[in-house]
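Inside the fold
What follows is the residue order along each chain.
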Amino acid sequence: MDESFTHVDLESKDLVAERIEQLKALFPEIAVEGDGSIDFEKLRLILGDEVDEGQERYAFTWPGKADAIRQAQTPSTATLRPDEKDSVDWDTTENLYIEGDNLEVLKLLQRGYHGKVKMIYIDPPYNTGHDFVYKDSFQDSIENYKGQAGLSGQSNADTSGRYHSDWLSMMYPRLRLARELLTDDGVIFISIDDNEESNLQSICNEIFGENNFIAKALVKINPRGRNLDQFVAKTCEPVLIFAKDYLNPNTVKPIEKGSDMLAEYSREDQIGKYRPIGLRNRNQAFNPITRPTMYYPLYINPDNGLVSLTQSEEYYIEIYPDAPDGTQTCWTWSKPKIIQENSLLFAENTSTGWRVFRKDYASRNGESPKTLAKSLWDEGEFNNDQGKSSIKALFGANVMDFPKSPFLMQRVIEMGTDKDSLILDFFSGSATLAHACMTINAKDKGNRHFIMIQMPEKTDSNSTAYRNDLKTICEIGEERIRRAGQKIKTEIEEENKQLKLGEESKPIPDIGFRVLKLDSSNFDRVEGGVLVDNLIKLDRNHDDIIFEMMLKWGLELSLPMEKTEVAGYPITSIAADELICCMDEGLTVEVLEAIAALEPKRVFFLDSVLTDTIKLNAAQIFKRVGDKLGYEIELRTA
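Because the structure is a prediction, the values reported are computed rather than measured.

Rules behind the numbers
- Residues numbered from 1 in each chain as written.
- Predicted model: local features only at pLDDT ≥ 70, side-chain atom pairs only at ≥ 80, totals over all residues.
- Heavy atoms only, no water.
- Helix = DSSP H or I, 4+ residues; strand = E, 2+ residues; numbered from the N terminus.
- Buried < 20%, exposed > 50% of the residue type's maximum accessible area, 1.4 Å probe, protein only.
- 1 Å grid on protein atoms, 1.4 Å probe; cavity = no way out; pocket = protein on both sides within 12 Å on 5 of 7 lines; lining within 4 Å.
- Points joined across faces, edges and corners; volume = space filled by probe spheres on them.
- Nonpolar A, V, L, I, M, F, W, Y, C, P; charged D, E, K, R; others polar.
- Pairing = 2+ DSSP bridges.
- Right-handed = clockwise from strand over helix to strand, strands pointing away.
- Expected span 1.5 Å × (residues − 1).
- Core = buried A, V, L, I, M, F, W, Y, C linked by side-chain atoms within 4.5 Å.
- Contact = heavy atoms within 4.5 Å.
- Polar contact = N/O pair within 3.5 Å; in protein donor to acceptor, adjacent residues only side chain to side chain.
- Phe/Tyr/Trp six-rings, centres within 6.5 Å; stacked < 30°, edge-to-face > 60°.
- Lys NZ or Arg CZ within 6 Å of the ring centre and 35° of its normal.
- Salt bridge = Lys/Arg side-chain N within 4 Å of Asp/Glu carboxyl O.
- Domains from an automatic or database assignment.
- Axes fitted to C-alpha atoms, helices over the stretch in contact; angles between N-to-C directions.

The next thing to look at is the overall build of the chain. Per the secondary structure count, the chain includes 18 helices and 29 strands. With the C-alpha coordinates aligned to their principal axes, the bounding extent of the chain is approximately 95 × 70 × 70 Å. Residues counted as buried form 49% of the 638 residues belonging to the chain.

In C-alpha cells, the structure reads:
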C-alpha cells in the first residue's frame, strides 16, 4: 500500500498508551532504548522523595479490583450501528441514544468525546440484592453483552460472597472511563442509597480525587418514609457530587431562587424589586486588624439617606462598621467599590442607630436572581411520586419502577451545565435526564444535547411495560423521549399561536435523537485493532461502516451526513466534507480530482474499491491539494 494511506485503527482509544506517552514527554530519560517501554527504577530516582517506600498505607481495595482496573484499560474493537428507523429527526438532531453495555460504549466514545461532556448524571443499580448488575468479561465482550441483554431480572444476590465486590468491580471501570469524558469544568452527580454510599464515596475519592468532592446532597424522595424500614423510616437518598477540577469556578452554577426567597424582595424602586442587605460584615473575624482597608467612615445625608465617602454640609452623619455593642468589624465593600456602586447604597435610621444597606435587586439585566444550591433538596417536586406521575402522564400507566423526578433532573442540569453543554447518562433507565434536558431547553432557549446509554435489558413478561408492548428498558426510554418531545413541541406551538403584538415566537428545542446499537466490528477477524482481511460481515451495510469510521476516527456521532455524487460517483460527506467516505466501485482520476476539490480533511476508502493505480493517483492528488491548503488530507482504508 502507498505510504500515504493508513489502515483505520479499529480499537477504541488506548488510554494507557496515551498516559505512557505523556510520561515520556515529561521525563524523556525514562524511555528504554529499543522497545520504548518505561524504566520505572529511573522514574523512581527522578521523583525522589515523592516516592512512598512504606509498606503500610491506607488503601481502599476489594477482591477483583485489579481486574476492574484492567477492564478500564482494555480497548474495545466493537462498533455502534445506526438505527435510523427508531430515531427521530435523524438528519438534524444532535442527541444520541445508545443501546448497549455502558462499559464498551464508554470505551468507544473516548476518541470522539474525550473532554467534551460538561455534566454526567447516573442512577446506577443500588445493589439491594434485586438489581441488575453487569458481569464484565475479558473474553468476547460483545458476546457477553448480548448474553446479558437477553436476561431479565438478573440480580446480584446479597447472599453472594462477593456481593459488594461485584458491585464495586462493575462501577470502578465505568467511572474511570466517565471521568475521561468530562470537560475541565465538568461535574458528575451520582444517585445512590445507604447500601453502597460509603463504597461509592471511596471509589470516587480514588478516581476523581478527594479534593474534587463538592458535596453530598440529600434528596427527599419519600416524605412519608419507607414503610419497610425497621427502626428509622428513611425519607432521603444522597446524590454525590464530584468535580473534574474543584478549583474551576465554572464547575457548578448557582440556581434560581425559589418563591420563598423571592418574597424577601419586598421593596421596589424605578429599577425593580429589591431587598436591603446590610453593608457591615457581621463576622467579627473580619475587623480593622485583619482587614484594615475595609474599616473606614461613611457619611450619611439624613434628608435623603444617601451615602458618601466624603464629609460635607449635606453628608455629616459619620458612621463606622461597628456592631451595636461597639465591636469593630468592617464593611463588605472596599472604597473603590463604594464609589463605583454608590447608587446601590442607602442609609436608614433604625432602633439601633443609622445603618448602611445595599440594594440587591431580584432581577438585573433580565436575569432571575440566583443562589447557591443547598445540600438538602426537600422540595416536593423532587420526590418519587413526581417521577411516577410524569411517566403515567406520558404512557397512561406506570411502565417503569422508581423513575426519578424530571424536576430533580432539571436541578442537576441547572447546576451542572451551560446553555450549550453536552450531558451524559450511562445508566439512563427511562431517560428522565433526556426528558429534563428538552424541557429546560424549551424554558431557557438553551441548546444542550444529551447522550443516553442503556443496556437493552428485557422487561419482565408480567410487568406493565411488557403489557404495553415495551419489551426492553431501551424501548421505554426511546418512547419516553418521543412522547415528551412531541408534548413539548405541541405546547410551544400552542403558545406561539397566542402571541401578543411584538412578542417573538418561542423556538422548539432539539427533540430528536439518533439511535445507535452496540455490536461487533463490521469487519471479520479484527486482531489487536488491525484488519486482517477486508471481509465485511454479510449483515452490514455502508452506513454501518461509516459510523464505525466516525467512531474510530474520533468524530462526533451526531455530525450531519449527506449522501451525494461527485463526477457521477456516490460519496457520503460528514460535517460538510470533514470526512468523505468512498465505498463503491468505479473510482477514477476524475472522481478523485472532484473529491479533492471539495477540500476535505479526511477521506476513507474501502480497500476493495482501490486498485494500485488508483491508490497511487489518490496519494498524488490529495498531497498536491493538501500542500495548497496548508494541511495534510488524511487518507485511510479498511
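Now that the structure has been shown, the text picks up again.
Right, let's talk about empty space enclosed by the protein for a bit. Gaps left between atoms show up when a probe the size of a water molecule is rolled over them. Tallied over the entire structure, the rule returns two cavities of 30 Å³ or more. In this structure, the largest cavity encloses a volume near 50 Å³. Residue composition of the lining of the largest cavity, by class: four nonpolar, four polar and three charged.

What follows concerns the layout of surface pockets. Of the pockets and cavities examined, the second largest pocket occupies roughly 960 Å³. What lines the second largest pocket is a set of 34 residues, and nearest its centre among them are Ile-255, Glu-256, Lys-257, Glu-414 and Lys-443. Looking at the lining of the second largest pocket, the elements that each hand over two or more residues are strand E8 (255–256), helix H9 (259–262), strand E18 (370–371), strand E19 (376–377), helix H12 (406–416) and helix H13 (432–444). It is H12 that provides the largest number of residues to the lining of the second largest pocket, a total of four residues. Looking at the lining of the second largest pocket residue by residue, the class counts come to ten nonpolar, seven polar and 17 charged.

Before going further, it helps to examine the pairing of strand E28 (residues 602–605). Along E28, one buried face is formed by Arg-602 and Phe-604 and the opposite face, lined by Val-603 and Phe-605, is buried too. Relative to E28, strand E27 (residues 579–582) runs parallel, the two sharing four bridges. Counterpart to Ile-580 in the pairing with E28 is Val-603. Regarding topology, helix H17 (residues 589–597) serves as the crossover connection from E27 to the parallel E28, and that connection is right-handed. Of the crossover connections in this fold, the one passing from E28 over helix H18 (residues 612–629) to the parallel strand E29 (residues 634–637) is right-handed.

It is worth spelling out helix H15 (residues 473–497) at this point. The end-to-end C-alpha distance of H15 is 37 Å, a good match for the 36 Å that 25 residues give at a rise of 1.5 Å each. Buried residues of H15: Ile-473, Cys-474, Ile-476, Gly-477, Glu-478, Arg-480, Ile-481, Ala-484, Gly-485, Ile-488 and Ile-492, and no others.

A separate point is the nonpolar core. In terms of nonpolar packing, the biggest core is built from 96 residues, with Leu-175, Leu-200, Phe-426, Leu-557, Phe-604, Phe-605 and Phe-622 touching the most fellow members. Among the elements that make up this core, the one with the highest residue count is helix H7 (residues 163–181) (nine residues). When neighbours within four sequence positions are excluded, Leu-200 is seen to be in contact with Trp-167, Met-171, Leu-175, Ile-190, Ile-192 and Leu-240. Listed in part, the 47 residues of the second largest apolar core include Trp-377, Ala-431, Ile-440 and Ala-484.

A word on the side chain of Asp-519. Mapped onto the elements, Asp-519 comes out in strand E22 (residues 513–519). On the basis of relative accessibility, which here comes to 9%, the residue Asp-519 falls in the buried class. Here Arg-81 takes part through its side chain, which lies 3.1 Å from a polar atom of the side chain of Asp-519.

Turning our eyes to something else, we now look at the packing of aromatic side chains. Note on aromatic pairs: each is described by the distance of the centres and the angle between the planes. All told, the structure shown has 14 aromatic pairs when counted by the stated rule. Plain terms: the ring middles of Phe-346 and Phe-357 are 5.5 Å apart, the flat faces sit at 20° to each other, and that makes the pair stacked. With Phe-346 in strand E16 (residues 345–350) and Phe-357 in strand E17 (residues 353–361), this residue pair connects regions lying eleven residues apart in the sequence. Classification of Phe-357 by relative accessible area gives buried; the value is 8%. Ring pairs connect the aromatic residues Tyr-274, Phe-346, Phe-357 and Tyr-361, which therefore count as one cluster. The ring of Trp-333 has Lys-337 lying over it, and the distance from NZ or CZ to the ring centre is 4.9 Å. When the ring centre of Tyr-631 is taken as origin, the NZ or CZ atom of Lys-601, which lies over that ring, is 5.8 Å away.

Time to look at unusual backbone geometry. When glycine is set aside, most residues are seen to have a negative phi, and most peptide bonds are trans. If you check the backbone angles, Phe-402 has positive phi at about 55° while not being a glycine. Take Phe-402: it is sitting in the loop between helix H11 (384–395) and H12. On the basis of relative accessibility, which here comes to 63%, the residue Phe-402 falls in the exposed class. Despite not being glycine, Asp-577 shows a phi value in the positive range, around 75°.

Across its 13 residues, H13 extends 18 Å between first and last C-alpha, which sits within 8% of the 18 Å expected from 1.5 Å per residue. Looking only at H13, the buried set comprises Thr-432, Leu-433, Ala-434, His-435, Ala-436, Cys-437, Met-438, Ile-440, Asn-441 and Ala-442. For H13, the secondary structure elements touched by its buried residues are strand E4 (117–122), H11, H12, strand E20 (422–425), strand E21 (449–454) and H15. At the exit of H13 stands Lys-445, carrying a positive phi of roughly 60°.

Right, let's get into the pattern of salt bridges. Scanning the model with the defined rule gives 47 salt bridges in all. Between Asp-269 and Lys-359 there is a salt bridge, with its nearest N and O atoms 3.0 Å apart. Separated by 90 residues along the polypeptide, Asp-269 in the loop between strand E9 (267–268) and strand E10 (273–278) and Lys-359 in strand E17 bring together distant segments of the chain. Under the relative-accessibility criterion, Lys-359 is labelled buried at 17%. In this structure, the salt-bridge partner of Arg-624 is Glu-593, at a minimum N-O distance of 2.8 Å. In this pair, Arg-624 sits in helix H18 while Glu-593 sits in helix H17, placing the two residues 31 residues apart along the sequence. A relative accessible area of 45% means that Arg-624 is categorised as partly exposed. Given a relative accessible area of 32%, Glu-593 falls into the partly exposed group.

This brings us to the domain arrangement of the chain. Domain boundaries assigned for the chain yield domain 1 (73–254 + 372–499 + 506–515), domain 2 (275–361) and domain 3 (533–637). Here the C-alpha centroids of domain 2 and domain 3 sit 70 Å apart.

A few words now on the sheet that holds strand E1 (residues 5–7). Spatial ordering of the open sheet is given by E1-E29-E28-E27-E26-E25, a layout of six strands whose pairing is mixed. The two strands at the open ends of the sheet, each matched to only one other strand, are E1 and strand E25 (561–566). Averaged over all adjacent pairs, the angle separating strand axes in this sheet is 30°, with direction ignored. Here strand E26 (residues 569–574) pairs with E27 via three bridges, running antiparallel. Each residue of the ladder has a partner; that of Ser-573, found in E27, is Ile-580.

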